[in-house]
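Structure assessment
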Amino acid sequence: MNLADPDNFGLQCQGVSHWFGENKVLFDLNLEVQAGQFVGLVGPSGCGKSTLLRAILGTHPPHRGEILTLQNGRLANADRPGRDRGIVYQKYSLYPFLTALDNVALGLKLDQTTTAFRWFNWAGWAKKRREFRDRAGAFLEKVGLGQAMHLYPSQMSGGMQQRVAIAQALIMEPEIILLDEPFGALDEATREELQEMLLRLYEENAEVKAAGGKPPYTLIIVTHELNEAIRVGDRLVGLSQYWDWEADGHEHSPGATVVYDKAVPVFRPDERPEYELFDNIRREIRKHVYNPGVLQRRDEHVSVDPTP
Ligand SMILES: Nc1ncnc2c1ncn2[C@@H]1O[C@H](COP(=O)(O)OP(=O)(O)OP(=O)(O)O)[C@@H](O)[C@H]1O
Ligand SMILES: [Mg+2]
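A brief report on the enclosed structure follows. In this text the structure is predicted, and so the values were computed from the model without any measurement. Numbering of residues starts from 1 in each chain and follows the order in which that chain's sequence is written. In the order they appear in the text, chains get letters beginning with A and ligands get numbers beginning with 1. The predicted origin of the model limits local features to residues at a pLDDT of at least 70 and limits the giving and counting of side-chain atom pairs to 80 or more, whereas totals for whole chains, interfaces and linings rest on all residues. Working from all heavy atoms in the structure, the side-chain values ignore hydrogens and water.

1. Focus: the overall build of the protein
The helix and strand labels rest on DSSP assignments: H or I over at least four residues marks a helix, E over at least two residues marks a strand, and numbering proceeds from the N terminus. The helix and strand tally for the protein stands at eight helices and 11 strands. Taken over C-alpha atoms, the radius of gyration is set against a globule rule of 2.2 Å times the number of residues to the power 0.38. In summary, the protein has a C-alpha radius of gyration of 20 Å against a globular reference of 19 Å for 308 residues, a match within 12%. By its C-alpha atoms, the protein is 65 × 40 × 40 Å across when sized along the principal axes. The proportion of buried residues among the 308 residues of the protein is 49%. The criterion used for residue contact is that any of the two residues' heavy atoms lie within 4.5 Å. Within the protein, contacts between residues separated by at least 24 positions form 71% of all contacts whose residues are at least 6 apart in sequence. In this description, accessible areas are obtained by the Shrake-Rupley approach with a 1.4 Å probe, and a residue is regarded as covered only by the protein chains that are shown. Summed over its atoms, the accessible surface of the protein is roughly 14,700 Å², and 49% of this surface lies on carbon and sulfur atoms. Computed over 34 positive and 42 negative side-chain charges, the inter-centroid distance for the protein is 6 Å. Between buried and exposed lies partly exposed: a residue is buried under 20% and exposed over 50% of the maximum accessible area for its type, with that area taken using a 1.4 Å probe on protein chains only. His is not counted here, nor are the chain ends, while Lys and Arg score as positive and Asp and Glu score as negative. Just so you know, the charge point we use is NZ for Lys, CZ for Arg, CG for Asp and CD for Glu.

2. Thoughts on the sheet that holds strand E2 (residues 23-34)
For two strands to pair, DSSP has to find at least two bridges joining them. Across the sheet, which stays open at both edges, the four strands sit in the order E2-E1-E4-E5 with antiparallel pairing between neighbours. Of all strands in the sheet, those bounded by a partner on one side alone are E2 and strand E5 (74-77). The average angle at which neighbouring strand axes cross in this sheet is 20 degrees, direction not considered. In terms of strand pairing, strand E1 (residues 9-20) meets E2 through eight bridges, oriented antiparallel. Counterpart to Cys13 in the pairing with E2 is Leu31. In this analysis an axis means a line fitted to C-alpha atoms, helices contributing only their contacting stretch, and an angle means the value between N-to-C directions, from 0 to 180 degrees. Against the sheet, helix H1 (residues 49-57) contacts E1, E2 and strand E4 (64-71), and its axis sits at roughly 120 degrees relative to E1.

3. A word on helix H8 (residues 279-290)
For H8, spanning 12 residues, the distance from its first C-alpha to its last is 15 Å, which sits close to the expected 16 Å at 1.5 Å a residue. On its buried side, H8 packs onto strand E3 (38-42), helix H7 (226-232), strand E9 (235-240), strand E10 (257-263) and strand E11 (301-302). Expected span of a helix, by definition, is 1.5 Å for each gap between consecutive residues, and there is one gap fewer than residues.

4. Quick notes on the nonpolar core
Residue types Ala, Val, Leu, Ile, Met, Phe, Trp, Tyr and Cys, when buried and joined through side-chain atoms within 4.5 Å, form a set referred to as a nonpolar core. Counting residues in each nonpolar core, the largest one holds 39 residues, and the members touching the most others are Leu140, Val143, Val164, Ile166 and Leu170. Shared between two domains, this core takes at least three residues from each, and those domains are domain 1 (1-84 + 175-183 + 220-308) and domain 2 (85-173). Those residues in contact with Ile166 that lie beyond four places of it in its chain are Val88, Val143, Leu179, Phe183, Leu194 and Met197. Membership of the second largest hydrophobic core comes to 26 residues, among which are Val16, Ala78, Leu178 and Ala256. Here the bounds of each domain stem from an automatic or database domain assignment.

5. What to know about the environment of Phe9
Among the structural elements, Phe9 can be located in strand E1. The exposure class of Phe9 is buried, given its relative accessible area of 1%. For the pair Phe9 and Ile221, spaced 212 residues apart in sequence, the C-alpha separation works out to 18 Å.

6. Focus: the pattern of salt bridges
When a carboxyl oxygen of Asp or Glu lies within 4 Å of a side-chain nitrogen of Lys or Arg, that pair is called a salt bridge. Applying the stated criterion to the full structure yields 20 salt bridges. Between Arg80 and Asp79 there is a salt bridge, and its shortest N-O distance comes to 3.7 Å. Arg80 gets classed as exposed once you look at its relative accessible area, which sits at 59%. Linking Arg268 and Asp270 is a salt bridge whose minimum nitrogen-to-oxygen distance equals 3.4 Å. Taking relative accessible area as the criterion, Arg268 reaches 48% and is therefore assigned partly exposed.

7. Observations regarding the environment of Leu198
By the element assignment, Leu198 lies in helix H6 (residues 188-210). Note on Leu198: relative accessible area 1%, which makes it buried. As for Leu198 and Lys142, which are separated by 56 residues in sequence, their C-alpha atoms are 9.9 Å apart. Every residue in contact with Leu198, bar those within four places of it in the chain, is listed here: Phe38, Phe183, Leu219, Ile221 and Val232.

8. Remarks on the sheet that holds E9
Spatial strand order, E6-E7-E8-E3-E9-E10-E11: seven strands in an open sheet with mixed pairing. Two strands close off the open sheet at either side, each with one partner strand: strand E6 (85-88) and E11. Against the sheet, H6 contacts E3 and strand E8 (219-222), and its axis sits at roughly 140 degrees relative to E3. Running over the sheet, H8 touches E3, E9, E10 and E11 and is turned about 170 degrees from E10.

9. Digging into the site of ligand 1
Taken together, 14 residues surround ligand 1, and among them Ser45, Gly46, Lys49, Ser50 and Thr51 come closest. At 2.8 Å, a backbone N or O of Gly46 approaches an oxygen atom of ligand 1. Separating an oxygen atom of ligand 1 from a backbone N or O atom of Cys47 is a distance of 3.2 Å. Of all the secondary structure elements, the ones that give two or more residues to the shell around ligand 1 are E2 and H1. Looking at which element gives the most residues to the shell around ligand 1, the answer is H1, with four residues. Across the shell around ligand 1, the residue classes tally to four nonpolar, seven polar and three charged. Proximity is defined per residue: any heavy atom of the residue falling within 4 Å of a molecule or strand makes that residue near it. Polar contacts here mean pairs of N or O atoms no more than 3.5 Å apart (in protein, one a potential hydrogen donor and the other a potential acceptor; neighbouring residues in sequence count only if both atoms are side-chain atoms). Lys, Arg, Asp and Glu make up the charged group, whereas Ala, Val, Leu, Ile, Met, Phe, Trp, Tyr, Cys and Pro make up the nonpolar group; the residues left over, Gly among them, are polar.

Listed below in structure tokens is the structure:
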């Protein structure tokens, strides 16, 4: 990746290590993401996926190493939260007293106006408010909620609420969006619909790229479902504490690191992948990422250039 080129840059983690007291969680983790990539991040429960997302988000910077993101057009350390990074959790974080539209518009309101402005510049605020609601409406259309903008969270299904949460992240136009098991609480059919919605964003990336622009959406999605990671991602990254750290000269396990990183097939939103065809990928991942009994060199399944 050409780091000097902001049109390609998504994220860079360099030598990231993190621990909680004696509990060594992340070790010397290196990861570069290009703008427009959809990275599926998988790994055994407790290996540190959420810890890594929190480090990238900037709420919990790593004890060692550096995480760089594009902030106001320049590469900068992600050691505090910024609007260049957005996150979506499994648990919907909507305000119950706001409609879908106002939940989505809220981020812009807080980011671009002050209480004093809203109180003392009524005409200015009325104009801005319309503008924010129009944009919120456009993003709700994008996530398939054009007909449900005026519903309150209690009137929406779990899948609809999660679409609102995604629109909340999208409207801030972050450089990268982190999704931590975003569909974990949804039933299978709803899950597939939301995967399709993400794939439509991927398609939009391709259209913008074809027209010579910078793809607007870059994602890291943590999931326990390998099929979901294969379907939504164009690249699959496996984080694991199971690797041959003795070969690297460590007496005790120093923590989880990237042990798998390969491009995976890209699907159209309306395409239903034949998952049987990806048995080999799943088998490889189960063996080299999830199996404590198989310890390989950490770079054995890491492609030099996992660009699809
Ligand atoms: N705030 C914290 N204080 C102490 N230990 C923590 C804290 N947060 C995480 N840990 C520990 O760090 C390790 C990694 O946790 P993390 O939540 O990142 O795993 P994960 O890969 O996201 O797991 P899961 O797949 O179950 O969500 C665990 O051993 C956990 O107990
Ligand atoms: Mg987690």
